[in-house]
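Residues per chain are reported as follows:
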Amino acid sequence: MAADKQNEAKVSLVDENKENSPDGGLGLEILQIIKESQQQHGLRHGDYQRYRGYCSRRLRRLRKTLGFKMGNRHKFVGKKVTVEMLSDNRYLLLVLMEAERAWSYAMQLKQEANTEPRKRFHLLARLRKAAKHSERLEKLCESHRVDAKTKLEAQAYTAYLTGMVEFELQEWRLAMEAFNKCKTIYEKLASAFTEELALLYRQRVDEISPNIRYCAYNIGDQNAINDLMQMRLTGGGGGMMAEKLEALITQARTKQAATMSEVVWRGQQVPVKIDKARIFLLGLADNEAAIAQAANEETKEHLYETLLAECRDTIQAVREELKSEAKQRERNSEVDGGKVSNLQLLHSYLTYIKLCTLVKRNESMAHTLQAKLKEPEADENKRGPRPQDLIRLYDIILQSLAELSTLQGLENDHTFQKEVSLKTLVYKAYRCFFIAQSYVLVKKWSEGLVLYERVLKYAKEVQSKAKSLNNSLKDLPDVQELIAEVNAEKYSLQAAAILDTDESPEVPSQQQVKDNTPLCDHLETFRLDPALVGKQPNLVHFPPDFQPIPCKPLFFDLALNHVAFPPLDDKVEQKGKGGLTGYIKGIFGFGS
């Protein structure tokens, strides 16, 4: 805790001394200060309470430094920063920290309001308080003593907090106007300053954009829903927008789900009566399209995780319905004749989607790791990808394919079973290839060569079976490319094995005499003993041999039995016979 406070003091000195502008006016990097403070004091992990505590401590330090105390310990005397006091930019920072403290408290209450709805009233009060402090800051910055950049930043900050208040009050038009004003100011500032500051301003614009589109949708702009869906899939709209976006998209899909009654899957009609399943299936095409258009691997990974999370929730909802259906059958004493029910078929379809998505996700990750594996290592100290990482991914893919083959309702679909077995062979070949590479890395040439032969066996088996299933290979990795790579690796392995054999130096036989003599017994003789650098070097005799030592002499006292002691009768006191009188005297103590 003490270290945190020391760090706060160092940061505050830097921030409080943010340079005044060259023309002599007071300057304050408002957005930069609050972003740095938020990242260093809790908001990186969403801890608004910690950030609020930091704002309170900083306010106390500023008031103490400036001599701007609110009375004393016995009495509170309220003070406000006025334009006449603006001789130092720390007075502006004082008002900014008051606004930040109220805002952080409001965000903390927003998190708690999920379980305690009454706290929403307190949340609105703190947000209004934050907006009021920001308006005071803007009025102070209208002074001629403050430079133009700080004035614009203060206006944008006020517009942002005002928009937040209106957004919570669901005054969509007023909120949209405030957010648009804020966005316009930051875009102008981004085009006028250095790249580092411009990046900060653009990040703020990106944070505001989901709020603007959400307000536009609520006002009546139906085109905004598509933008919001895309932003949700790509991870945008975090913080206070995340829950609202989820509710909005669910609402939009629920309207479309009313017309959806069934889907066709592998020639079977699957009735869909559960609303959650309808909503998920309606958004499935949009999710898959977004994954296909993902700009980078990080975005694609986030989209896969989002899709899998939705799929798991939908499967859980169907599972609950299946339990209810089973209980109903037990009550009615109905006998299941082996026919798959509509709910079981829907459950199999959703599980099929989940497992196929898992396979695609892991295959995408494997392609990324393969590309990194071929790149030369830039930093030797940093651990790069290894073949073992790819083996794990292909293990998960094979496990998913094994689950696919056991889905209810597809046991008699021979075409599907053949497709799954073909895919299993392809991924087994790739898994075996990377196992071989892991053996080659540790110079186990014979094991690597055997595994490469196994890869070729799998690949030829795939080619022979694929003739009847041409459509099944379009989404699979190229087996012909794998065969070419294996052949090249085989020749490289054989060459490396020969070089490794030739590189071992020939040592005269007399120097390679191997015996069990420990090193301590032939220190004067040079020998090349490979065991000395192994895990159990023979250095000394252990345990050591027993050696004879002189015995400690034993002493026996035998003379005592032959010693004649002198008589001591004359020195022993003789007791007299006292009789009855002596006995009575002894009782009463007269004789002592």
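Source: prediction; values computed, not measured.

Reading the values: the criteria
- Residues numbered from 1 in each chain as written.
- Predicted model: local features only at pLDDT ≥ 70, side-chain atom pairs only at ≥ 80, totals over all residues.
- Heavy atoms only, no water.
- Helix = DSSP H or I, 4+ residues; strand = E, 2+ residues; numbered from the N terminus.
- Buried < 20%, exposed > 50% of the residue type's maximum accessible area, 1.4 Å probe, protein only.
- Contact = heavy atoms within 4.5 Å.
- Areas by Shrake-Rupley, 256 points an atom, 1.4 Å probe, with all protein chains shown as cover.
- Salt bridge = Lys/Arg side-chain N within 4 Å of Asp/Glu carboxyl O.
- Axes fitted to C-alpha atoms, helices over the stretch in contact; angles between N-to-C directions.
- Parallel < 35°, antiparallel > 145°, perpendicular 65-115°, else oblique.
- Left-handed = near helix turned anticlockwise from the far one by under 90°.
- Nonpolar A, V, L, I, M, F, W, Y, C, P; charged D, E, K, R; others polar.
- Phe/Tyr/Trp six-rings, centres within 6.5 Å; stacked < 30°, edge-to-face > 60°.
- Lys NZ or Arg CZ within 6 Å of the ring centre and 35° of its normal.
- Patch = residues over 30% accessible without salt bridge, like charges linked within 9 Å, V, L, I, M, F, W, Y side chains within 5 Å.
- Expected span 1.5 Å × (residues − 1).
- Arc of directions from axis to C-beta.
- pLDDT = per-residue confidence, 0-100.
- Lys, Arg positive; Asp, Glu negative; His and termini not counted.
- Pairing = 2+ DSSP bridges.
- Charge placed at Lys NZ, Arg CZ, Asp CG, Glu CD.

(A) Layout of the overall build of the protein. What the protein contains, in helices and strands, is 18 helices and two strands. Here the protein, with 592 residues, has 40% of them falling under the buried criterion. Sequence separation of 24 or more characterises 65% of the internal contacts of the protein that already satisfy a separation of 6 or more. For the protein, the accessible surface area stands at approximately 36900 Å², while carbon and sulfur atoms represent 52% of it.

(B) Structural context of the pattern of salt bridges. Summed over all chains, the structure comprises 16 salt bridges. One salt bridge in this structure joins aspartate 395 and arginine 431, with 2.4 Å as the shortest N-O distance. With aspartate 395 in helix H14 (residues 387-404) and arginine 431 in helix H15 (residues 414-441), this pair connects stretches of sequence that are 36 residues apart. A residue is classified by how much of its surface remains accessible, and arginine 431, at 28% relative accessible area, is partly exposed.

(C) Molecular detail of the packing of helix H12 (residues 297-332) against helix H13 (residues 342-374). The N-to-C vectors of H12 and H13 enclose an angle of 160°; their axes lie 9 Å apart at closest approach. In terms of orientation, H12 lies roughly antiparallel with respect to H13. In this structure, H12 meets H13 at a crossing whose hand is left-handed. Taken together, the residues of the contact of H12 with H13 sort by class into 13 nonpolar, seven polar and 11 charged.

(D) Here's a closer look at the packing of aromatic side chains. For the structure shown, the criterion picks out 17 aromatic pairs. Taking the centre distance of 5.2 Å and the plane angle of 40° together, the rings of tryptophan 265 and tyrosine 349 count as tilted. On the criterion of sequence distance, the pair formed by tryptophan 265 in strand E1 (residues 262-265) and tyrosine 349 in helix H13 is long-range, its members being 84 residues apart. Per residue, the accessibility class of tryptophan 265 equals that of tyrosine 349, and both read buried. One aromatic cluster is present, built from ring pairs that chain together Tyr394, Tyr427, Tyr430, Phe433, Phe434 and Tyr452. Over the face of the ring belonging to tyrosine 105 we find arginine 52, whose NZ or CZ atom lies 4.0 Å from the ring centre. If you follow arginine 204 out to its NZ or CZ, it ends over the ring of tyrosine 160, 4.2 Å from the centre.

(E) Geometry of a nonpolar patch on the surface. Taken together, the side chains of Tyr439, Leu441 and Val442 define a hydrophobic patch exposed on the protein surface, amounting to about 290 Å² of accessible area. Here valine 442 lies in the loop between H15 and helix H16 (445-465).

(F) View of the packing of helix H6 (residues 148-168) against helix H8 (residues 195-219). Interaxial distance between H6 and H8 falls to 12 Å at its minimum, and their mutual angle equals 25°. Here H8 runs roughly parallel to H6, going by the angle between their axes. As H6 packs across H8, the resulting crossing turns out to be left-handed. Here Lys149, Glu153, Tyr160 and Phe167 of H6 lie close against H8, whose contacting residues are Leu197, Tyr201, Arg204, Ile208, Asn211, Tyr214 and Cys215. Here the residues of the contact of H6 with H8 sort into seven nonpolar, one polar and three charged.

(G) Quick peek at unusual backbone geometry. Residues phenylalanine 542 and proline 543 are joined by a peptide bond in cis, for which omega reads -5°. Summarising the element assignment, proline 543 is placed in the loop between helix H17 (479-503) and helix H18 (579-588). Located in the positive-phi region is glutamine 170, a residue other than glycine, with phi close to 60°. By the secondary structure assignment, glutamine 170 is in the loop between H6 and helix H7 (172-190). Looking at glutamine 170, the relative accessible area reads 48%, which means it is partly exposed. In this structure, lysine 443 takes a positive phi of about 65° despite not being glycine.

(H) Inspection of H7 at higher detail. Compared with an ideal rise of 1.5 Å per residue, which puts 19 residues at 27 Å, H7 spans 26 Å between its outermost C-alpha atoms and is within 8% of the ideal. Of the positions making up H7, those classed as buried are Trp172, Ala175, Ala178, Phe179, Cys182, Ile185, Tyr186, Leu189 and Ala190. Projected onto a plane normal to the axis of H7, the buried residues spread over an arc of 165° and lie on a single side. Opposite the packed face of H7, turned more than 90 degrees from it, sit the exposed residues Arg173, Glu177 and Lys188.

(I) Representation of the environment of asparagine 287. As for its placement among the helices and strands, asparagine 287 is situated in helix H11 (residues 275-292). Given the relative accessible area of 3%, asparagine 287 is considered buried. Separated by 20 residues in sequence, asparagine 287 and leucine 307 place their C-alpha atoms 6.9 Å apart.

(J) Representation of the confidence of the model for the protein in the model. Across the protein, the average pLDDT comes to 79, with 79% of residues at or above 70. Helix H5 (residues 119-141) holds the highest mean pLDDT among the elements of the protein, 93, whereas helix H1 (residues 2-16) holds the lowest, 50. The low-confidence segment residues 16-23, where pLDDT is below 50, has 19 contacts with residues more than four positions distant or belonging to other chains. Within the model, the stretch residues 506-511 combines pLDDT values under 50 with five contacts to residues more than four positions away or in other chains.

(K) Main features of the side chain of glutamate 153. The residue glutamate 153 is located in helix H6 in this model. Of the side chains with opposite charge, lysine 149 lies nearest to the buried glutamate 153, which makes no salt bridge, at 4.3 Å. Apart from residues no more than four positions distant in its own chain, glutamate 153 is found in contact with Leu28, Glu29, Ile30, Leu31, Tyr186, Leu189 and Tyr201.

(L) Main features of helix H4 (residues 90-112). The terminal C-alpha atoms of H4 lie 33 Å apart, and with 23 residues this matches the ideal 33 Å at 1.5 Å per residue to within 8%. Where burial is concerned, most of H4 is hidden: 17 out of the 23 residues are buried.

(M) Looking closely at the pairing of E1. Burial of E1 is one-sided: the residues Val263 and Trp265 facing one way are buried, the residues Glu262 and Val264 facing the other way are not. Pairing geometry for E1 and strand E2 (residues 268-271), over four bridges, is antiparallel. Note that in E2 the partner of valine 264 across the bridge is glutamine 269. Once E1 ends, the chain turns through two residues before running back antiparallel as E2, passing arginine 266 with a positive phi of about 50°.

(N) Quick look at a positive patch on the surface. Residues Arg319, Lys323, Lys327 and Arg331 make up a contiguous surface patch of positive charge. By secondary structure assignment, the location of arginine 319 is in helix H12. For arginine 319, a relative accessible area of 36% puts it in the partly exposed group.

(O) Molecular detail of the environment of lysine 139. Tracing the sequence through the fold places lysine 139 in helix H5. Separated by 57 residues in sequence, lysine 139 and threonine 82 have C-alpha atoms that sit 9.5 Å apart.

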